[in-house]
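# Inside the fold
Here is how the chains run, residue by residue.
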Amino acid sequence: MTSKQLGFLIMGTLVGVNFLTIPRTASEAAGQDAWIAVLVGALLPLLVLVLIERLGRRFPEMDFIQMSQYLFGKIGGSVLVIILSLHMIIVVAREIARFAFLESIFLLPLTPIWAISLLILLVSLYVAGQGAQVVARINELLFYLLLPAFFLIVYPLITAADHTYLLPVGGSGILSIARSSFDVSLYYGRMEFLMVAYFMVTHKDEVLKAGLIAWGAVTVPYMLFTAACLMVFGPENLQEQITPVLAMFTSVSYPLLERMDMLFLVAWSVAFRPVFNLLCMSGYSLTRLLNLQERRHYLMLLTVAGTAAYLFSLIPTSIVELIIYSGWQGYTHPVVGLGYPLLYLLAAKMREGRTQNV
Amino acid sequence: MRKIPRKPATPPSAPEPAEKPKNLQNINIPDITLPESLTGKQTLLKPHIERSQDIINRPFFIGTQQPVEAYALYVNGVIDTDTFNASILRPLMIYAEDGEDPRSQDPELPEYIARTLLTVGQIRKIDRLADLVRDIYDGMLIIMLEGSSQALSIDIQKGPLRAIEEPPAERGLRGSREGFIENLDINISMVRRRLRDPKLVVKKTVVGQRTRTQVAMIYIEDIADPNIVQEIETRVNAVNVDGIAASGMLEQFIQDRPWSIFYQHRLTEKPDKAVMQILEGRVLIIVDGTPTTITSPSLFVEFFQAPGDYYERTWIGSFIRLLRYMAFFLAISTSALYIAVVNFQPELIPAELLVPIARFRNQVPFPVVFEILILEVMMQLVIEAGHHLPGNVGQTVGVVGGIIMGQAAITARFASPAAIIVASFSAMCTFVLPSPGIALVSRILRLPMILAAAAFGAVGFALMWLILLTHLISMTSIGVPFMGPLSPTRYSDLKDSFIRSFLTTMKKRPVSIPSQDKVRQAGQEVTGDR
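What you see is a predicted model; the values in this text were computed from it and never measured. (Residues numbered from 1 in each chain as written. Chains lettered and ligands numbered in written order. Predicted model: local features only at pLDDT ≥ 70, side-chain atom pairs only at ≥ 80, totals over all residues. Heavy atoms only, no water.)

### Considerations on the overall build of chain B
When its secondary structure is counted, chain B shows 15 helices and 12 strands. Its C-alpha atoms give chain B a radius of gyration of 30 Å, more than 25% over the compact-globule value 24 Å for 530 residues. Seen along its three principal axes, the alpha-carbon backbone of chain B occupies a region of about 105 × 60 × 40 Å. Counting every position in chain B, which comprises 530 residues, the buried fraction comes to 50%. If you take every contact in chain B between residues at least 6 apart in sequence, the share linking residues at least 24 apart comes to 67%. (Helix = DSSP H or I, 4+ residues; strand = E, 2+ residues; numbered from the N terminus. Rg over C-alpha atoms; globule rule 2.2 N^0.38 Å. Buried < 20%, exposed > 50% of the residue type's maximum accessible area, 1.4 Å probe, protein only. Contact = heavy atoms within 4.5 Å.)

### Here we look at the domain arrangement of chain B
Residue and element names in this part refer to chain B. According to the domain assignment, chain B contains domain 1 (22-155), domain 2 (168-298) and domain 3 (310-480). Look at where the C-alpha atoms of domain 2 and domain 3 centre, and you get two points 32 Å apart. Counting residues at the interface gives 22 residues for domain 2 and 22 residues for domain 3. Between domain 2 and domain 3 lies a buried interface of about 1,800 Å² when both sides are counted; carbon and sulfur atoms form 65% of it. (Domains from an automatic or database assignment. Buried area = accessible area lost by both parts, 1.4 Å probe.)

### As for the pairing of strand β6 (residues 200-207) of chain B
All names here are of chain B. By the bridge criterion, eight bridges tie β6 to strand β7 (residues 213-220) in an arrangement that is antiparallel. Bridging across to β7, V201 finds its partner in Y219. Where β6 folds back onto β7 in an antiparallel hairpin, the turn is made up of five residues, including G208, whose phi is positive at roughly 100°. (Pairing = 2+ DSSP bridges.)

### Digging into the interface of chain B and chain A
Contact with chain B, which involves 25 residues of that partner, is made by 28 residues of chain A. When chain B packs against chain A, the two sides together hide about 2,500 Å² of surface, and 75% of this comes from carbon and sulfur. The largest contributions to the chain B side of the interface with chain A come from F456(B), V459(B) and L466(B), which together make up 23% of the buried area. Our count for the chain B to chain A interface comes out at zero salt bridges. Here the side of chain B that touches chain A takes 13 residues from helix α15 (residues 436-474) of chain B, the largest share from any one element. When the residues that make up the side of chain B that touches chain A are grouped by side-chain class, the tally is 16 nonpolar, seven polar and two charged. (Salt bridge = Lys/Arg side-chain N within 4 Å of Asp/Glu carboxyl O. Nonpolar A, V, L, I, M, F, W, Y, C, P; charged D, E, K, R; others polar.)

### Here we look at the sheet that holds strand β8 (residues 266-268) of chain B
What links the strands of a sheet is backbone hydrogen bonding, and the strands pair in either a parallel or an antiparallel sense. All names here are of chain B. What the five strands build is an open sheet, ordered β6-β7-β9-β10-β8; its pairing is antiparallel. Looking at the sheet topology across the chains shown, the edges are occupied by β6 and β8. Strand-to-strand, the axes of this sheet are offset by a mean angle of 25°, without reference to chain direction. Note: β7 against strand β9 (residues 283-287), four bridges, orientation antiparallel. Bridged to A216 within β9 is I286. Lying on the sheet, helix α7 (residues 247-254) is in contact with β6, β7, β8, β9 and β10 (293-296); it crosses β9 at an angle near 130°. (Axes fitted to C-alpha atoms, helices over the stretch in contact; angles between N-to-C directions.)

### Section: empty space enclosed by the protein
Residues and elements named next belong to chain A. Overall, the coordinates contain three cavities of 30 Å³ or more when judged by the stated rule. Around the largest cavity sit L44, P45, V48, Y188, G189, R190, M191, E192, H333 and G337, which together line it. Considering every element that reaches the lining of the largest cavity, the biggest residue donor is helix α4 (residues 43-58), with three residues. Classifying every residue of the lining of the largest cavity by side-chain character gives five nonpolar, three polar and two charged. (1 Å grid on protein atoms, 1.4 Å probe; cavity = no way out; pocket = protein on both sides within 12 Å on 5 of 7 lines; lining within 4 Å. Points joined across faces, edges and corners; volume = space filled by probe spheres on them.)

### Concerning helix α1 (residues 38-49) of chain B
Residue and element names in this part refer to chain B. The terminal C-alpha atoms of α1, which comprises 12 residues, lie 16 Å apart, in line with the 16 Å expected from a rise of 1.5 Å per residue. Listed as buried for α1 are L38, G40, K41, L45 and I49. Along the axis of α1, the buried positions cluster into a sector of 160°, meaning they face one direction only. Of the exposed residues in α1, the ones pointing more than 90 degrees away from its buried face are T39 and T43. The elements touched by buried residues of α1 are β1 (55-62), β2 (68-75), α4 (129-137) and β4 (141-145). (Expected span 1.5 Å × (residues − 1). Arc of directions from axis to C-beta.)

### Let's talk about the pairing of β4(B)
Within a regular strand, side chains alternate between the sheet's two faces. All names here are of chain B. Burial within β4 is extensive, with five of its five residues counted as buried. Side chains L141, I143 and L145 project from β4 onto one buried face, and the interleaved I142 and M144 project onto a second face that is buried too. Of the strand pairs in this sheet, β4 and strand β5 (residues 151-155) are connected by four bridges, and their pairing is antiparallel. Bridging from a neighbouring strand, L141 pairs with I154 of β5. With antiparallel pairing between neighbouring strands as the criterion, β4 and β5 make up a hairpin whose turn holds five residues, including G147 at a positive phi of roughly 85°.

### Considering the environment of G189(A)
Residue and element names in this part refer to chain A. Note that G189 resides in the loop between α9 (174-187) and α10 (194-197). Under the relative-accessibility criterion, G189 is labelled buried at 5%. Taking the C-alpha atoms as reference, G189 lies 9.0 Å from T13; in sequence the two are 176 residues apart. Those residues within four positions of G189 in sequence are excluded, and the remaining contacts are L14 and H333.

### Focus: unusual backbone geometry
Following G484(B), the chain continues to P485(B) via a peptide bond in cis, the omega torsion being 5°. Positionally, P485(B) belongs in the segment after β12 (480-481). Cis geometry is adopted by the peptide bond preceding P488(B), which originates at S487(B) and carries an omega value of 5°. In this structure, P488(B) sits in the segment after β12. Of note in this structure, N291(A) is not a glycine but carries a positive phi near 55°. One non-glycine residue with positive phi stands out, namely I478(B), at about 50°. Looking at the secondary structure, you find I478(B) in the loop between β11 (476-477) and β12.

Structure (structure tokens):
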């Protein structure tokens with residue numbers, strides 16, 4: 001894939017359901033400074049991006065599996081690949097569950113969760129089954145198709161926003177902003193998929209630039225929507241909204257179309273990009289790990305990964321349980337996102353030193 | 001008779017020709033050299049033509065003083081008999097006696113006849129039985145001579161031809177009214193007259209072991225990508241089938257994704273459109289016997305383009321293009337959206353509209369999805385009936401059938417007025433699409449959309465669109481991404497996709513179609529790679 005397509009892949013993977021809920025999480029501790037917390041929290045994926053890019057530069061001719069086995073031996077490397085694949089499968093399960101619950105609440109109240117989850121899984125398997133290049137391209141196309149939805153924010157900003165809700169800037173205190181920033185940074189997780197995707201790019205020298213653009217393209221809308229929700233609801237009322245972004249559309253009456261939240265959500269219902277992006281990456285990793293070449297093997301392993309994710313997604317039986325599980329699972333992002341590239345870089349350094357000594 | 005320079009004597013047994021591609025091989029005909037005696041040739045030929053009573057075997061003598069016995073063979077009704085009499089029989093039988101007499105045993109006699117006596121254009125010498133049989137059935141006139149192992153194969157074909165007319169499916173307000181016809185050579189000449197570039201290449205081949213249908217591939221040598229040309233040529237030559245009857249069949253043999261519902265090559269009957277496609281680096285494939293030609297590779301956006309877009313003002317062309325995209329979306333989506341909204345999200349309908357819809361819906365005994373499906377089937381049947389009835393009768397059936405059946409359906413409480421509006425609006429949108437292929441596809445795609453919306457409301461509808469887009473993105477046409485320039489995005493080509501930008505700004509050829517010469521308008525430097 002091209003570096004541009006990788007950029008769209010990063011955007012699609014970072015933006016999921018959390019887009020609808022991030023203003024509430026950000027304002028929980030930071031109050032009116034939630035938008036600052038969103039900006040600061042975005043430094044974590046940026047750091048992950050830079051680390052993986054530094055690592056990738058050292059092994060431009062290898063893919064993730066070859067690099068892992070080169071640095072940690074066949075068994076050690078394979079274990080690390082499997083752990084990352086499992087991590088991605090669990091993230092996929094969480095995203096499926098989140099989407100299913102969201103759609104159950106707002107669009108399909110009578111349809112059972114398992115059916116919605118299965119629908120999401122089957123569509124994701126179809127998309128991911130087409131291969132990484134098609135997955136990257138569908139991310140690119142969806143970016144342009146969903147872009148107009150972001151401009152819906154303008155109307156509530158004009159009609160219902162009160163900028164004084166943002167004041168005083170920095171008033172919530174550095175510690176509160178820092179605590180919110182950490183919570184928000186978990187929302188930006190999933191950048192660790194780059195450990196696999198980096199090596200699929202043809203022009204690796206352009207990865208950092210594409211990654212930075214994608215990072216900016218995710219951070220700025222997050223920040224804008226957080227600020228918009230703050231200006232419409234204020235920090236206290238914001239805490240009462242499960243999905244503040246949707247609530248913002250409900251709070252104002254759009255000309256012609258009264259239920260803009262519904263339309264936004266319908267458009268958003270194709271945005272489970274993290275599901276098929278990560279499924280594709282985990283399927284690819286497992287296929288390469290088992291040294292299988294044919295497409296049918298990839299499809300088979302993809303189905304196995306998807307089925308596992310689907311079963312995991314059925315574990316939470318209520319939205320409360322889902323939030324609790326998601327909270328725990330969120331902590332794995334900084335661990336894997338920072339831990340993996342640091343571990344690999346350390347191993348590369350050590351191997352380099354050993355080679356020089358020899 | 002003038003002497004013609006003799007060639008070195010040919011070896012007694014000619015070397016066996018290299019193995020031909022499967023589509024060029026002859027079925028069950030021994031590939032042997034023809035004997036010199038006329039009787040020997042006739043004996044060899046007899047098993048292959050004796051059951052074809054439409055083959056005319058005309059014996060005659062060349063010259064009068066030392067006449068050479070000869071035979072003319074042809075399929076009745078295929079050759080031009082006037083040319084045969086005036087330009088072949090007459091010079092051979094009457095004028096051949098001028099000067100020296102022809103020598104019956106002269107191995108150069110066929111060469112002499114071809115060069116000095118026959119006043120027709122295309123003459124080929126053949127010396128193998130397989131070629132002889134093949135040429136007879138290909139519609140050539142064969143002249144066999146006593147004392148020569150060579151026969152003459154002369155192309156003077158002329159059959160009944162349809163007049164050149166405007167293709168009914170591709171009518172335009174401006175531009176050429178000409179359309180391709182069923183004759184390959186005339187179709188090629190229509191392209192030649194519009195594209196007088198010496199670099200225009202016409203390559204002919206034969207497809208179908210039994211039908212032996214002639215196929216021509218036309219492209220500009222220094223514009224078309226050689227890899228694409230090679231790939232198309234390989235695919236066409238690899239077609240190993242007993243016969244093809246039309247270009248639509250060949251298209252299915254050379255496409256990348258046979259299972260897809262979408263056409264992967266653009267079909268056109270208009271030479272002006274074909275020429276513009278060739279100028280963009282595509283290969284035009286013309287199949288003898290079909291007015292519909294294939295241009296390859298093709299892009300999804302092409303199916304929304306018509307030649308008239310470029311002949312109109314930019315603003316008008318762009319507006320019509322946008323209308324077509326909207327029509328495609330609505331043709332597929334309107335019925336599904338109606339079901340999703342009525343069944344799952346009625347709150348999206350304004351209250352003033354919701355009440356009458358609910359009142360009429362209440363009178364219909366079927367679920368909304370069933371109601372829409374019945375109307376869709378009725379609509380499809382009316383459209384099909386309209387297509388298969390002659391001209392005005394078809395239109396009348398369409399209009400009268402639609403109005404009467406719609407009115408009757410409401411009166412009988414078979415369907416609600418809103419559902420009839422939705423179904424007829426969807427059907428009408430398909431007629432806006434300029435390509436019959438994409439119109440047909442939109443009629444079929446509506447059904448899975450309806451079922452998805454019936455099961456999962458707007459979510460099912462949105463997911464079905466995601467599947468559709470993924471499918472389109474995964475497709476290629478001769479290896480070229482089918483969804484370009486939308487995905488992968490080629491920004492420079494977007495000026496000729498949803499809109500049609502000013503012609504003066506289209507300085508380069510589209511990068512979505514690989515080409516060698518990227519500059520279309522002079523004075524433009526090409527920078528960067530595609």
